[in-house]
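The lines below spell out each chain.
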Amino acid sequence: MFTGLTPAEIEGLVTFASVRRYKARTVIMEKGDSATAVYIILDGHVRIFSQGDEDKEVTLNEMGVGQYFGELALITDEPRCASAVTTRDARLLMVPKPQFKEFIETTPGAALRMIHYLANKVRELTQDVERLALQDPRGAETLRGQVTGRFAAFDGQLAEHAPEQRVALVDQRQRPED
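It should be emphasised that the depicted structure is a prediction, and the values quoted were computed from it without experimental measurement.

**Student:** Account for the sheet that holds strand β7 (residues 83-86), naming residues and giving values.
**Tutor:** Pairing in this open sheet of four strands is antiparallel, and the strands run β2-β7-β4-β5 from one edge to the other. If you trace the sheet from one side to the other, it starts and ends with β2 (27-29) and β5 (57-63), each paired once. Going from strand to strand, the sheet's axes swing by 30° on average, the running direction of each strand aside. As defined by bridge partners, β2 adjoins β7 across two bridges and the pair is classed as antiparallel. If you follow M29 over to β7, its bridge partner there is A84.

**Student:** Pulling in residues and values, what's your account of helix α3 (residues 97-106)?
**Tutor:** Every buried residue belonging to α3 is among F100, F103 and I104, and all of these are buried. Seen along its axis, α3 keeps its buried residues to an arc of 95°; they face one direction. Seen from the buried face of α3, the exposed residues on the opposite side, beyond 90 degrees, are P98, E105 and T106. Buried residues along α3 sit in contact with α1 (7-14), β3 (37-43), α2 (71-76), β8 (90-96) and α4 (108-133).

**Student:** Break down the packing of aromatic side chains for me, with residues and values.
**Tutor:** For the coordinates displayed, the defined rule picks out two aromatic pairs. Aromatic pair Y39 and F69: ring centres 5.2 Å apart, planes at 15°, arrangement stacked. Remark: F69 occurs in strand β6 (residues 68-69) and Y39 occurs in strand β3; sequence separation between them is 30 residues. Just as Y39 is buried, F69 falls in that class too. Plain terms: the ring middles of Y68 and Y117 are 5.3 Å apart, the flat faces sit at 45° to each other, and that makes the pair tilted. Of this pair, Y68 sits in strand β6 while Y117 sits in helix α4; the two residues are 49 residues apart in sequence, bridging distant segments of the chain. Among the residues examined, Y68 registers a relative accessible area of 6% and is labelled buried. The cationic tip of R47 hangs over the ring face of F49; the distance from NZ or CZ to the ring centre is 4.5 Å.

**Student:** Quick rundown of the environment of A90? Include the residues and the values.
**Tutor:** Structurally, A90 can be placed in strand β8. Take A90: its relative accessible area is 5%, and that puts it in the buried class. Not counting residues up to four positions away in its chain, the partners in contact with A90 are R20, R21, Y22, D43, G44 and H45.

**Student:** Break down the sheet that holds β8 for me, citing the residues and quoting the values.
**Tutor:** Judged by pairing direction, the sheet is antiparallel, and its four strands sit side by side in the order β1-β8-β3-β6 without closing on themselves. Only two strands of the sheet have a single partner each, and these edge strands are β1 (18-22) and β6. Alignment of β3 against β6, held across two bridges, turns out to be antiparallel. In the strand pairing of β6, Y39 is matched with F69.

The rules behind these values
Residues numbered from 1 in each chain as written. Predicted model: local features only at pLDDT ≥ 70, side-chain atom pairs only at ≥ 80, totals over all residues. Heavy atoms only, no water. Pairing = 2+ DSSP bridges. Helix = DSSP H or I, 4+ residues; strand = E, 2+ residues; numbered from the N terminus. Axes fitted to C-alpha atoms, helices over the stretch in contact; angles between N-to-C directions. Buried < 20%, exposed > 50% of the residue type's maximum accessible area, 1.4 Å probe, protein only. Arc of directions from axis to C-beta. Contact = heavy atoms within 4.5 Å. Phe/Tyr/Trp six-rings, centres within 6.5 Å; stacked < 30°, edge-to-face > 60°. Lys NZ or Arg CZ within 6 Å of the ring centre and 35° of its normal.

Given below as structure tokens:
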């Protein structure tokens, strides 16, 4: 979104921005927070994640220098849909919401690049959902391996404790399909 900007456009964007320094493992924003700014990574790395019940976390993205985050909530005026934490010391350019919105409204090239970026993200997410819904063969193979491993462990336990039942299970497994 920020590539190809003229010096005047960059100056207009950063006039109201501020550089913030964060230590590693510092939470920058949390899911549910109101949106106040977009962040551009000048140095360091940031992990975007979501946390569910029982403190389960899923990493949504790992980001580095030149990348930005926090734009979705600014565009939709909805609360943050994910959290962000630094994974190492970082310097971020923080652009407040009013200046970011003005920048998007007055810089059509940047707005088009953002639309392109977001459209690609929608495409990637659609492919991820499709792969999960259709059981990607790699995922199915992994699942098949886990089931086979568990069955082999169960089969071994059964052989130790009930040899006559194991024979019946082996016979059922080896039958050709009708």
